[in-house]
Protein chains: 2
Amino acid sequence: MAQLIIGIDVGGTKVAGGLVTLKGRLVESRVVPTYADRGFAKSYSQIVHLIGRLVQAAGGKHNVLGIGICSPGPLNPKTGVVINPPNLPGWRNIKIAEMLEGKFGVPAKLENDANAAGLAEVLFGAAVGYKDVLYVTVSTGIGTGIIVNRKIYYGKNGAAGEGGHVSIDYHSPYRCGCGTLGCIEALAAGPGMARRARVMLEQEHSLPSVLRDMTRGHLERITPLMIQQAAKKKDRVAQTVLDETGFYLGAWLGGMISVLDPEVIVIGGGVAQIGKPLFDKIKELADKTPVVPAKLQKNVGVYGAASVFLPAGEEAESA
Amino acid sequence: MAQLIIGIDVGGTKVAGGLVTLKGRLVESRVVPTYADRGFAKSYSQIVHLIGRLVQAAGGKHNVLGIGICSPGPLNPKTGVVINPPNLPGWRNIKIAEMLEGKFGVPAKLENDANAAGLAEVLFGAAVGYKDVLYVTVSTGIGTGIIVNRKIYYGKNGAAGEGGHVSIDYHSPYRCGCGTLGCIEALAAGPGMARRARVMLEQEHSLPSVLRDMTRGHLERITPLMIQQAAKKKDRVAQTVLDETGFYLGAWLGGMISVLDPEVIVIGGGVAQIGKPLFDKIKELADKTPVVPAKLQKNVGVYGAASVFLPAGEEAESA
């Protein structure tokens, strides 16, 4: 009994859930819509419904060790409170862990996405065998999770590992959403990449690029995926943007290495799927430390959420 | 018995040593010249002589729990090897911990200055009562020590906490000794401050400044102390340099806070003694986290070296 963990990954559009064994094997997974636009009560009932089905699949709550939840931040993993995520309107200081514990009579823990994903990579992903790991996720934002001695490092407010808000250029023209100039998130996350491509094409109208055709002239529609596709076609603008992105990430990781000296850096998230053209540049600059792509792509949120209930010493069976 | 720790602080010009109780009280201290220019054998005999006197003062080696040594880096705390410090010519891959253990029959441990000083501040200095602390020393270089859960955080190579080599400006005109552009050490440590003052005065010959008189026109002789004195006299150039230094340190610490979210930041080292004009600017930018001056000024190296033998849970008696 109590040998399964429920992992719940709450996103803006869907809630993914799964049953994970103590060896890190996903034995059941389900997805439901979040209906975030209908407010907290609706999303919560979706989550409760999903967990109910997973408890049933586990053969009852006596088989469930705990419920791990990850959601977009800001949130406080120590108190289990989701503060006010932009992607979950109506969620304001929600004591989600306490609510789910009360509802299901099973321990529940809240964790932020990047920390959870980093822990999952250490327990049964790309960083198995390592103790001190920096996990980075590059998508619409840049998140980091610091794992020290196979445990999440929290800092004072449970807010450590906000490495996306480290500036590499204190007089940058790009101001981050956090208010700081030149944060790596403002420069190198998906929206930053798209913006740099757009600015290049706007500033020089005669500059040829397939991105003009791909967006039918609506340069504000450029996406990281388009940049990746254009670069494959040897589009110079797209290649320059990818090169710069790799350079920025490499320069930033150089600093992170100076501070943390991790054994390995694992990079996940949508932008990381650009792969080799990006990783080559990063590795050139972060040369003292191995940089590897994340192993857990699909269901990383479910694995991550479940990880918070896994003992750090537990060996993985498979991912 | 075994209730005293010998702390040894090896510097380029002098070796400071002391006897420290388990409660963190310094009961005996001595200083001898390093004679670094006469090579390793001479310096080593100075250190051995000093330790011999301290063992004697302790009433014999059965009263000595261990010998903690700090020295300039690069060094490896895990293996106890001093690699090749620029300030200690002739020291090349010296297994100092092993040599002293063999000589005195007492356990010996090597630690780098900033880590040791950081630990000492946590155990009996400005950070008593805190667990997660960032220690920063600003003098001719910038060193950092990361304390997690009252223990030194090492990373892969025992080289973590080289936060002085985090760049805040990837396209800076200032290249650090480490090869990177815009490291905080290149911008804000003593030599960086002096260089910025000199460049300002060289670029604008008509710019009035008492620094011209203080150096009798030899601008290469500007020191951080002169800048501090000139700023007190309301010298505009000196005040600008101090303001910039505080701004750089604040911007850098903002990034360090994003990554580490420490409970408190302790700043020591010679430049930090400039005090209020520097700290005011830093605090403005690093506003989420308390920034306090180091408490252990004199003998910080001896306290630090001794700290590596103190149990992390030990409460301090006095400093």
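Predicted model only: the values in this text are computed from it and were never measured.

Draft legend 1. Examining helix α5 (residues 190-203) of chain B more closely. All names here are of chain B. The end-to-end C-alpha distance of α5, which contains 14 residues, comes to 20 Å, matching closely the 20 Å that a straight helix rising 1.5 Å per residue would cover. Among the residues making up α5, those that are buried are G190, G192, M193, A194, R196, A197 and L201. On its buried face, α5 is in contact with α4 (184-188), α6 (210-214), α7 (224-232) and α8 (236-260).

Draft legend 2. Molecular detail of the sheet that holds strand β3 (residues 26-33) of chain A. All names here are of chain A. In spatial order, the strands read β3-β2-β1-β4-β7; together these five strands make up an open sheet with mixed pairing. Taken across any chain shown, the strands that pair with only one partner, and hence form the sheet edges, are β3 and β7 (108-112). Neighbour-to-neighbour, the strand axes of this sheet turn through a mean angle of 20°, independent of strand direction. With seven bridges joining them, strand β2 (residues 14-21) and β3 adopt antiparallel strand pairing. Following the sheet pairing, V20 is matched in β3 by L26. Strands β4 (64-71) and β7 of the sheet are contacted by helix α3 (residues 113-124), whose axis makes an angle of about 100° with β7. Strand contacts of helix α10 (residues 300-307): β1 (4-10), β2, β3 and β4, with the helix running at about 125° to β1, the strand carrying the most contacts.

Draft legend 3. Region of the structure containing the interface of chain A and chain B. Counting residues at the interface gives 34 residues for chain A and 34 residues for chain B. Roughly 2600 Å² is buried in total at the junction of chain A and chain B, and carbon and sulfur atoms are behind 58% of that figure. The largest contributions to the chain A side of the interface with chain B come from A:K156, A:Y170 and A:V259, which together make up 28% of the buried area. Summed over the shared surface of chain A and chain B, the number is zero salt bridges. Linking chain A to chain B there are 18 residue pairs in polar contact (both at pLDDT 80 or more). Within the residue set of the side of chain A that touches chain B, elements represented by two or more residues are β9 (142-148) and α8 (236-260) of chain A. Take the side of chain A that touches chain B: its biggest share by element is seven residues, from α8(A). When grouped by side-chain class, the residues that make up the side of chain A that touches chain B number 16 nonpolar, 11 polar and seven charged.

Draft legend 4. Structural detail: the relation of the copies chain A and chain B. When chain A is brought onto chain B, the operation consists of a screw motion whose angular component is 180° and whose axial shift is 0.0 Å, with 0.0 Å RMSD remaining. Expressed as an axis order, the relation between the two copies is that of a two-fold axis. Of the interface residues in chain A, 100% have counterparts in chain B that sit at the interface too, so the contact is made through matching surfaces.

So, how was this worked out
Residues numbered from 1 in each chain as written. Chains lettered and ligands numbered in written order. Predicted model: local features only at pLDDT ≥ 70, side-chain atom pairs only at ≥ 80, totals over all residues. Heavy atoms only, no water. Helix = DSSP H or I, 4+ residues; strand = E, 2+ residues; numbered from the N terminus. Expected span 1.5 Å × (residues − 1). Buried < 20%, exposed > 50% of the residue type's maximum accessible area, 1.4 Å probe, protein only. Contact = heavy atoms within 4.5 Å. Pairing = 2+ DSSP bridges. Axes fitted to C-alpha atoms, helices over the stretch in contact; angles between N-to-C directions. Buried area = accessible area lost by both parts, 1.4 Å probe. Salt bridge = Lys/Arg side-chain N within 4 Å of Asp/Glu carboxyl O. Polar contact = N/O pair within 3.5 Å; in protein donor to acceptor, adjacent residues only side chain to side chain. Nonpolar A, V, L, I, M, F, W, Y, C, P; charged D, E, K, R; others polar. Least-squares fit on C-alpha atoms with pLDDT ≥ 70 in both.

Remember that the coordinates give geometry; whether it matters functionally is a separate question.
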